[in-house]
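Tertiary structure, described
Residues per chain are reported as follows:
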Amino acid sequence: MNFETGISNTPYPYRPEFVSLVPERVAVEYPAFSELVNNAASCSMHLRGAIEQDLDWVLGLAAKNPADEFLKIVSDLGVPTMPAVATNLRKAKKRGSILIALADLGGVWQLDVVMAALTRFADCAVQHLLASLVKKAIGDGNLPDRDGNGDTEASGLVALAMGKMGANELNYSSDIDLIMLFDGDRYKKDDFTRAQRALIGVTRRFSSTMSRKTSDGYIFRCDLRLRPDPLVTQVCMSIDAAERYYESHGRTWERAAYIKARPCAGDIEAGASFIRTLTPFIWRRNLDYAAVQDARNMQSLIKESKGLRGPISFSGHNIKLGRGGIREIEFLVQTIQIIAGGKDPDLRVASTLDGLVALRLKNWIDSDTERKLKKSYKYLRWLENRLQMIRDAQTHSLPKSRQEIERLACLCGEHDSAALREQVVSVLKNVNIATERFYSAKFPSRDKSSDFKFTKFEKDFCDFWRYLPILRNDRAKEIFARIIPEILLQLRRASEPREALSQFDEFIRKLPAGIQLFSMFEANPKLISLLTDICATVPDLAKYLSCNAQVFEAVIDRNFFAPVPNVDTLTLESVQTAARFESFEEKIMASRLWAKEQHFRIGVQHLRGLSRWYEAAASYSDLAQATLATLLPIAIDHVAQRHGMEDIGDVAILALDSLGAGTLTSKSGLNFILLYSSQPEDELRLEGKVAPPILYAQVTRTLVTALTSKIKEGQLYKISDRIRPSGKTGLVATSVTAFKAYQIERAGTWEHLALTRSRVIAGPDRIARWIEQVRCEIISREISSAKLAQDICALRREFVDRPISTRVSDDWELRLGRGKLVDIEGFLQAGALLMGSRSTTINEHLGATLSIGWITKGQAEVLHATYRLLRAVLQVARLTANGRFNPYRIGTGAADFLLRETSEKDLAALQKRIRDSSAECDSIISFALSEIPHRLASGITWN
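Residues numbered from 1 in each chain as written. Predicted model: local features only at pLDDT ≥ 70, side-chain atom pairs only at ≥ 80, totals over all residues. Heavy atoms only, no water.

**Overview of the overall build of the protein chain**
Note the threshold: What counts as a helix is a DSSP run of H or I of at least four residues, what counts as a strand is a run of E of at least two, and both are numbered from the N terminus. Summary of the burial criterion: residues with accessible area below 20% of their type's maximum are buried, those above 50% are exposed, and those between are partly exposed, where the area comes from a 1.4 Å probe applied to protein chains only. Contacts are assigned to residue pairs that have any heavy atoms within 4.5 Å of one another. Under the convention used here, a 1.4 Å probe and the Shrake-Rupley method define accessible areas, while residue burial counts only the protein chains that appear.
Helices and strands together make up the secondary structure of the protein chain, namely 42 helices and 10 strands. Out of the 943 residues belonging to the protein chain, those deemed buried represent 56%. Considering only intrachain contacts with a sequence separation of at least 6, the fraction spanning at least 24 residues in the protein chain is 74%. Just so you have it, the protein chain exposes about 40,400 Å², and 50% of that area is on carbon and sulfur atoms.

**A look at unusual backbone geometry**
In this structure, N168 is a non-glycine residue whose phi angle is positive, near 60 degrees. You can see N168 is positioned in the loop between α10 (163–166) and β2 (176–182).

**What about the nonpolar core?**
For clarity, the threshold we go by: Residues belong to a common nonpolar core when they are buried Ala, Val, Leu, Ile, Met, Phe, Trp, Tyr or Cys residues joined through side-chain atoms within 4.5 Å.
Among the nonpolar cores identified, the biggest contains 147 residues, and W465, F504, I508, F518, F552, F600 and L863 are the most heavily contacted of them. Among the elements that take part in this core, helix α31 (residues 613–642) stands out by supplying 13 residues, more than any other. Non-local contacts of F600, meaning those with residues more than four positions away in its chain, are made with L530, I534, L541, L545, V551, F552, V555 and F560. Judged by nonpolar contacts, the second largest core, of 121 residues, contains F18, A40, V333 and I405.

**Thoughts on the pattern of salt bridges**
If the charged atoms of two oppositely charged side chains come close together, the side chains can form a pair. Inclusion rule: Any Lys or Arg side-chain nitrogen found within 4 Å of a carboxyl oxygen on Asp or Glu counts as a salt bridge.
The final tally for this structure, using the stated rule, is 39 salt bridges. For the salt bridge of E404 with R407, the shortest nitrogen-to-oxygen distance reads 3.4 Å. Here the residue E404 and the residue R407 both occupy positions in helix α20 (residues 402–411), the gap between them amounting to 3 residues, near one helical turn. One connected set of salt bridges, linked through shared partners, spans D657, R757, E825 and R871.

**A short note on the environment of F584**
Mapped onto the fold, F584 is located in helix α30 (residues 584–607). Residues within four places of F584 in sequence aside, it is in contact with I634, A635, H638 and T702.

**Some words on the environment of F3**
Along the chain, the position of F3 falls in helix α1 (residues 3–6). Along the chain, F3 and G106 lie 103 residues apart, while their C-alpha atoms are 8.7 Å from each other. If we ignore the near neighbours within four places in the chain, the residues touching F3 are F33, L36, L61, A62, K64, P66, L99, L102, A103 and V108.

**Description of the packing of aromatic side chains**
Note the threshold: Two rings from Phe, Tyr or Trp (for Trp, the six-membered ring) form a pair when their centres are within 6.5 Å of each other. A pair whose planes differ by under 30 degrees is stacked, one over 60 is edge-to-face, and the rest are tilted. The criterion is that NZ of a Lys, or CZ of an Arg, lies within 6 Å of the ring centre and within 35 degrees of the ring normal, and then a charge sits over that ring.
On inspection of all chains with the given rule, the structure shows 22 aromatic pairs. Aromatic rings pair up to connect F457, F461, W465, F480, F504, F507 and F518 into one cluster. K93 extends its terminal NZ or CZ atom over the ring of F220, reaching a point 4.0 Å from the ring centre.

**Observations concerning helix α6 (residues 66–75)**
To be explicit about the condition: Our arc is simply the arc of the directions from the helix axis toward the C-beta atoms.
Along α6, the residues classified as buried are P66, E69, F70, I73 and V74. Within α6, the buried residues cover an arc of 140 degrees as seen down the axis, which keeps them to one side. Exposed and oriented more than 90 degrees from the buried face of α6 are D68 and S75. The elements touched by buried residues of α6 are α1, α5 (55–60), α7 (84–105) and α8 (111–139).

**A closer look at the packing of helix α4 (residues 45–53) against α7**
Filter applied, for reference: Axis geometry follows a simple rule: fit a line to the C-alpha atoms, using only the stretch in contact for helices, then measure angles between N-to-C directions, giving values from 0 to 180 degrees. Any angle between 65 and 115 degrees counts as roughly perpendicular, while under 35 counts as roughly parallel, over 145 as roughly antiparallel, and the rest as oblique. Each helix crossing is assigned a hand: it is left-handed if the near helix lies turned anticlockwise from the far helix by less than a right angle, otherwise right-handed if that turn is clockwise. Note on residue categories: nonpolar means Ala, Val, Leu, Ile, Met, Phe, Trp, Tyr, Cys or Pro, charged means Asp, Glu, Lys or Arg, and polar means any other residue, Gly included.
Where α4 contacts α7, the axes come no closer than 10 Å and their chain directions differ by 120 degrees. Taken together, the axes of α4 and α7 are oblique relative to one another. Crossing geometry of α4 relative to α7 is assigned as left-handed. Contacts from L47, A50, I51 and Q53 of α4 reach α7 at K94, I98, A101 and L105. Across the contact of α4 with α7, the residue classes tally to 6 nonpolar, 1 polar and 1 charged.

**Things to note about the side chain of S735**
Worth spelling out the cut-off: As used in this structure description, the phrase polar contact means that two N or O atoms lie within 3.5 Å; if the pair is within protein, one of them must be able to donate a hydrogen and the other to accept it, and residues adjacent in sequence are counted only when both atoms belong to side chains.
By the secondary structure assignment, S735 is in strand β9 (residues 733–735). Residue S735 is classed as buried on the basis of its relative accessible area, which comes to 0%. Here A738 takes part through its backbone nitrogen, which lies 3.1 Å from a polar atom of the side chain of S735.

**Digging into the environment of I100**
Tracing the backbone through its elements, the reader meets I100 in helix α7. On a C-alpha basis, the gap between I100 and V113 in space is 9.3 Å, while along the polypeptide they are 13 residues apart. Non-local contacts of I100, meaning those with residues more than four positions away in its chain, are made with F70, W109, V114, A117 and L118.

**Points about the pairing of strand β6 (residues 651–655)**
What counts here: Strand pairing is defined by DSSP finding a minimum of two bridges between the two strands.
Here β6 lies mainly inside the structure; 5 of its 5 residues are buried. Every second residue of β6 is oriented toward a common face, with V651, I653 and A655 on one face and A652 and L654 on the other, all of them buried. Relative to strand β7 (residues 670–676), β6 runs antiparallel, the two being bridged by 5 bridges. Note that in β7 the partner of I653 across the bridge is L674. Here β6 runs beside strand β10 (residues 759–762); their pairing, made up of 3 bridges, is antiparallel. Following the sheet pairing, A655 is matched in β10 by R759.

**Digging into the side chain of E751**
As for its position among the elements, E751 is in helix α35 (residues 749–755). Using a relative accessible area of 7% as the deciding quantity, one classes E751 as buried. Only 2.7 Å separates the side chain of E751 from the backbone nitrogen of G748, close enough to count as a polar contact.

**As for the packing of helix α38 (residues 821–835) against helix α39 (residues 842–851)**
Packing of α38 against α39 brings their axes to within 8 Å, and their N-to-C directions diverge by 65 degrees. Of the possible angle classes, the one that applies to α38 and α39 is roughly perpendicular. The two elements α38 and α39 meet at a crossing, and its hand is left-handed. Counted together, E825, F827, L828, Q829, G831, A832 and M835 of α38 and I842, H845, L846, A848, T849 and S851 of α39 form the full contact between these two elements. The residue makeup of the contact of α38 with α39, split by class, is 7 nonpolar, 5 polar and 1 charged.

**Quick notes on the state of the cysteines**
Rules: For the purposes of this analysis, a disulfide is any pair of cysteine sulfur atoms at a distance within 2.5 Å.
Under the criterion given, the structure shown has 0 disulfides. No disulfide involves C410; its nearest neighbouring cysteine sulfur is the one of C43, lying 5.0 Å away. The exposure class of C410 is buried, given its relative accessible area of 9%.

**Here's the deal with the confidence of the model for the protein chain**
As a reminder, the rule being used: The pLDDT value tells you how sure the predictor is about a given residue, anywhere from 0 up to 100.
Per-residue confidence for the protein chain gives a mean pLDDT of 85, with 89% of residues at or over 70. Throughout residues 680–688 the model reports pLDDT below 50, and contacts reaching past four residues in sequence, or to other chains, amount to 11 contacts.

Here is the structure:
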């Protein structure tokens, strides 16, 4: 495609009397191109002057491919010495500007191509000019040439492109915003000061050369004021100094600026490394709703200082900073990026148009808003280019005079200036409406403090809260004052308002910080409703939230109240979350935070009645499995790298007890063992290598530490090690072969019983199949019914009858005691073991026990109903209380939750039902075990 065939639009001539620049011979051969050149020159004094100075070259473009010609302009720059490079750049810039303007005005290039071309030339200009200046500084003896290469990369100098240049979105007559840094580590201590002084000089000459206007024009107006503290710092500073500044003094607007930052010239790797170092500064790990007000304040300050608060009208309106302008769209995108980009890397895009797509995909905006804002943004940027083409001026204000309005309309291809006025005003209004609607919907103002009437009880709490550390900050006080009326209104609706308020008091007292959380509450009213519901119903969960407030962020996700996914989907989400990070520590932290959010989600859904106790148990178990399946490979890789190994063989996790049976509660610990595939002869320590038992013990300890370490976010899980794969005093990990040998030769009955509630939940299929084969082989072995009955009775005395304080005689002790969960599970596990049942579920164990004749069908129904009742109460108990469970002291909200889950009318009726059902189960189990010797004596067998 050449220029002539690619033209789809053309401006109107502004001055009909304008003398054609294109000779008639060219006009005949290339009519569309000739009309484009003549009409553009008629509308723009800048283009007319530039075309006249280089007319032959311009006319030659008609038969050429504009993309190829642009690449030729860039590639012909080279890196000559100063001052020739500056002259070459100015001439090339003029040609590039003409070509890009004609391609834009003629519709040959779309907006994205135009912006990319403008940015590409800016990158090349910065790179070439910096390179020549550094060479000169080295040649003059001012800058040490440590590597002897004499180039900008060796000097450690890097230019960071900011703003539109950083996002590859430069407009036609744009300034370029740069931050100039250098890597001080490239210089010896004695050379540092001299190098710094030289690079400051290079930067000053670079800036003045870029901006200086000569008969050949100028290169780019260069703005270096985005650097840290520009009023007191040098134009070029060390990377270390910049890092220290952002760590201690960085502000929200600077975080927003770095969303679009990229190294564009010099030591690219040093610049990229610097930006990676700033990741925690730019992208906060938690949702940063406090940044919303910062962004709105900044936007308001800009409009105030520029006098841009007036209504939307055409004449003189600033299409960048005024109402409905480009900046409103950019601010909307950047505000959400600042809020959520730390948590969601998919939002970390530099382009505004790409940002709008990302916001829609993540449900921050709907499809209609995305479509309108993208269309408006493209139109305003298109119009911005034409405004600046007229005089090559960095302007964003629409003209006021009739003549200049007509000129702009003609350049835009509009014969009627009234049509242009109508179109522009319509676009500006649409942007203003869409952005304000977005903010009002996502971040509504709900300040009810001025007319809210506090009760005496509420006022006493509020008076005390003023002295809490989290409310010593003026901004925290301001936000809290706006949201506390809504919180109190919600608490008043609780069945016991005073009790709920007291629990909220417990919550707020323990908060480590307030601004972020209060800002999140203000932006998301449903969080207030959820918190007050938790305070009124699950006080223990409120205490947990005060130390783990970041989990509230999960509620904002549109899927939070949707059914919790199955284990495969959870595992995929967990693995993808960890994969976004590189270091071991970051992967572990990301996995922990994700798991905590999902854990919170399961509890809230159970609390709100969106799931039943058995669904919550399954979801807690699936979550634990997904977490272990994610962390195991991370732990393996970490240990392998520590020892310089690429592969350490197959490793799997065998889940036991409640994890194996899929019956976890909100506070369950995890019981599992780690098995690996090495053969016994491979376990000898070889020269220069680590013995497998030691290696896999390290994997286990790494995994357990990741799960149990008590850091700021709290402990993820408690781990039980009472069952080891090779006995009570054995190693924490062992080979499958050794595990099998121990189970056959030395394991006790209780360890075989444990296998009836075990399953592989992590590890490659080949070792998982092997372990399952071993498990089934052990369970299916012939066993003496007499010995089994004798062992079960002994275990019953030890684990069921053994007094643990006075809890076993407590009706509300759900696990220990006769006829309670441990008793029922142990009895049914014995039946499953005797039957050789390979299933891990309680229903299958019940069926096995029934089939061997230990119980009747009616007794099986009693055991099953009691088991479900106790499990239901246990799920509620673990969610609503710590330690010993007493439903009479957990609050009316939690008690109502318990009664709803068990379908009982009151606590007394529930207590009686538990007592009577447990007693009946005790009788069934005791009778069955006592009958075994008599049945054996009569010749009855069970397998």
